Amino acid sequence: MYIFFAVTLICNTVVWFHARRLEAVWGNVPPVPSYSGAKAFGLGDGQMAYRLIGIMLQNLGSTGAYNEPLMAYDYDKIGAWLRLGDRLDPDSNFLPALAAFYFGSIKSPQQLGIIVDYLSDVGSRDDGTGVKWRWLAQGVYLARWGERDLPKALRLANELSTKWRPGRPLWIKQMPAFIMAASGDKKGAYGLMLAILKEEAGKVQQAELNNTIFFICHNILEPGDAAKNPLCTSLPPGLK
Amino acid sequence: MLSWTLVKYVMTAALRDRLMFALVLMVIVGGALSVFLGSSAIIEPDRFALVFAATGLRFAGAVGIILFIVFHIRRAFDSRDVEFLLSRPLSRTAFICSHSLAFSLLALIVSGVVTFSIFAVSPHSNSFGMLLWAVSLAAEFIIMANAALFFAMVLPSATAGALASIGLYVLGRLMGELLGIVYTGSYSHGYRFLALSMKIVSLIVPRLDLMGQSSWLVYGTAASTVGVGFVLAQGVVYSLLLASAALIDLVRRQF
């Protein structure tokens with residue numbers, strides 16, 4: 001009996017010698033299940049499935065001792081997981097936040113495009129009551145500075161401007177002008193900012209109007225033109 | 001029809017079996033683990049903790065009830081307690097009705113403790129959503145208590161009874177998805193027979209996927225297709241079905 005125990009112990013040690021060097025291997029982003037399959041993941045509870053997917057995506061790439069860089073991720077699958085999560089819970093802001101501030105920090109325009117498309121789809125659903133417009137704004141930002149795709153940024157900015165409601169920051173409405181100014185369409189940007197100024201005068205805080213005039217005078221107009229423009233000369237001394 | 005002594009006997013057995021102690025331990029460990037896991041989320045950690053606690057404790061509570069009931073009944077058969085009880089002036093109907101009532105009361109207590117712990121994890125969650133969730137959890141646990149009673153009476157082994165009950169629970173939780181696949185017709189012709197079988201099976205499987213939805217706790221019940229009426233009706237209908245099936249089995253049994 002003791003000999004048998006000793007033999008099994010030796011066998012166990014042999015197995016250990018083989019297994020001790022085997023480590024968790026990064027298998028990249030897992031395949032995306034169907035909507036029904038994902039709900040089964042949460043035992044029929046869609047909200048649980050959403051939260052499990054959220055935690056899984058947040059910790060993806062961490063294989064114990066190693067952490068994979070974002071550029072190694074299969075972003076097509078990341079996009080599919082994000083959209084699946086969006087079907088499971090269209091109201092939560094967890095996955096959009098993860099997409100905007102974590103997956104959106106990738107430098108490659110191809111990979112970033114998937115994230116921008118997702119964010120713009122989520123932001124487009126803004127019904128005027130929540131904060132979904134923020135994800136559209138984030139999409140504009142990533143398209144402008146990450147993808148460097150100004151036509152796309154302008155398209156998204158135009159959509160964002162339709163989401164403006166009283167009580168929301170005025171820059172939502174001004175976003176197309178910012179992109180126009182960046183892409184060289186100074187005339188268009190000037191016209192839009194001027195129209196907003198006229199429309200919102202007396203309705204929004206003076207600080208918002210001052211900020212608009214400041215942008216016109218410092219980012220749209222050339223210094224010579226700004227010096228002659230009555231708008232710029234009317235600015236308080238600290239903003240000139 | 002009912003024997004209050006037997007009801008009291010079952011409740012005492014639950015206390016002696018340390019079911020309540022295990023329940024409190026489960027709630028503390030489950031709640032703490034959910035808060036720990038939820039706090040790792042970059043935003044909405046309170047919602048993560050709430051959903052993890054609600055879903056985890058719901059499953060753990062159902063499994064706890066099933067295991068206690070199945071092992072209690074099988075032990076009663078093995079130690080000949082059932083034969084002894086039936087030799088007293090106690091009808092078989094009273095035996096089943098008393099056990100069904102006692103187990104339903106236990107299920108109610110477990111669901112109450114789980115609901116209280118969920119409220120403790122997130123006291124600011126939607127109040128009507130919490131109410132509907134609590135009522136549906138109680139109904140679900142009562143259904144599963146009667147299902148465990150039925151399987152424990154019908155199957156000769158405690159392990160088989162427990163596995164069958166847990167299998168029914170999982171099937172009930174997945175029934176919505178399975179029926180969804182059947183009704184959308186997204187399967188090949190070869191699976192038509194299976195689809196038909198699933199439709200027939202769904203007749204006698206409770207729709208547990210419609211109960212205890214954690215989205216009620218997070219967003220309320222405005223978008224829900226299920227109300228208190230459905231939850232209570234399903235609880236009563238399935239509990240009666242399962243208890244009467246257990247009664248038929250006991251009446252036909254030869255000792």
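Please read all numbers here as calculations on a predicted model, not as lab measurements. (Residues numbered from 1 in each chain as written. Chains lettered and ligands numbered in written order. Predicted model: local features only at pLDDT ≥ 70, side-chain atom pairs only at ≥ 80, totals over all residues.)

With that settled, consider the overall build of chain B. From N to C terminus, chain B includes 10 helices and zero strands. Counted from the first residue to the last, chain B has its helices and strands arranged as α-α-α-α-α-α-α-α-α-α. Each of the 255 residues in chain B was classed as buried or not, and the buried ones make up 43%. Considering only intrachain contacts with a sequence separation of at least 6, the fraction spanning at least 24 residues in chain B is 82%. (Helix = DSSP H or I, 4+ residues; strand = E, 2+ residues; numbered from the N terminus. Buried ≥ 20, exposed ≤ 12 C-beta atoms within 10 Å, placed from the backbone. Contact = placed C-beta atoms within 7 Å.)

Secondary structure assignment for chain A yields 13 helices and two strands. The dimensions of chain A, computed from C-alpha atoms along their principal axes, are 100 × 40 × 30 Å. For chain A, the residues scored as buried account for 35% of the 240 residues in total. Put simply, 51% of the contacts in chain A that link residues at least 6 apart link residues at least 24 apart.

Okay, the nonpolar core next. Residues and elements named next belong to chain B. By size, the foremost hydrophobic cluster in this structure holds 120 residues, and its most contacted members are Ile65, Ile69, Phe141, Met144, Ala145, Ala148 and Leu149. Of the residues forming this core, the biggest block, 19 residues, is contributed by helix H6 (residues 127-154). Sequence-distant contacts of Ala145, that is, excluding residues within four places in its chain, are made with Ile65, Ile69, Phe103, Ser104, Leu106 and Ala107. (Core = buried A, V, L, I, M, F, W, Y, C linked by C-beta atoms within 7 Å.)

On to the environment of B:Val10, then. All names here are of chain B. Considering the arrangement of structural elements, one finds Val10 in helix H1 (residues 4-16). Remark: the alpha-carbon pair of Val10 and His99, spanning 89 residues in sequence, is separated by 7.3 Å. Setting aside residues up to four positions removed in sequence, Val10 forms contacts with His99, Ala102 and Phe103.

Counting residues at the interface gives 20 residues for chain A and 23 residues for chain B. Residue assignment for the side of chain A that touches chain B shows that the elements contributing at least two residues are helix H2 (35-41), helix H3 (46-58) and helix H5 (94-101) of chain A. It is H3(A) that provides the largest number of residues to the side of chain A that touches chain B, a total of seven residues.

Summing up the model confidence of chain B, the mean pLDDT is 92 and the portion of residues at 70 or higher is 100%. Among the scores for the predicted complex, ipTM is 0.89 and pTM is 0.89. (pLDDT = per-residue confidence, 0-100.)

Attention now moves to the packing of H6(B) against helix H10 (residues 228-252) of chain B. Residue and element names in this part refer to chain B. At a minimum axis separation of 9 Å, H6 and H10 run at an interaxial angle of 10°. As far as their axial angle goes, H10 and H6 are roughly parallel. Considering only residue class, the contact of H6 with H10 consists of 19 nonpolar, five polar and one charged. (Axes fitted to C-alpha atoms, helices over the stretch in contact; angles between N-to-C directions. Parallel < 35°, antiparallel > 145°, perpendicular 65-115°, else oblique. Nonpolar A, V, L, I, M, F, W, Y, C, P; charged D, E, K, R; others polar.)

Another point: unusual backbone geometry. Residues and elements named next belong to chain B. Unlike most non-glycine residues, Arg18 shows phi in positive territory, near 60°. Tracing the sequence through the fold places Arg18 in the loop between H1 and helix H2 (19-38). Positive phi is not limited to glycine here, since Glu44 has a value of about 55°. Of note, Glu44 is situated in the loop between H2 and helix H3 (45-78). Take Glu44: there are 18 C-beta atoms within 10 Å of it, and that puts it in the partly exposed class.

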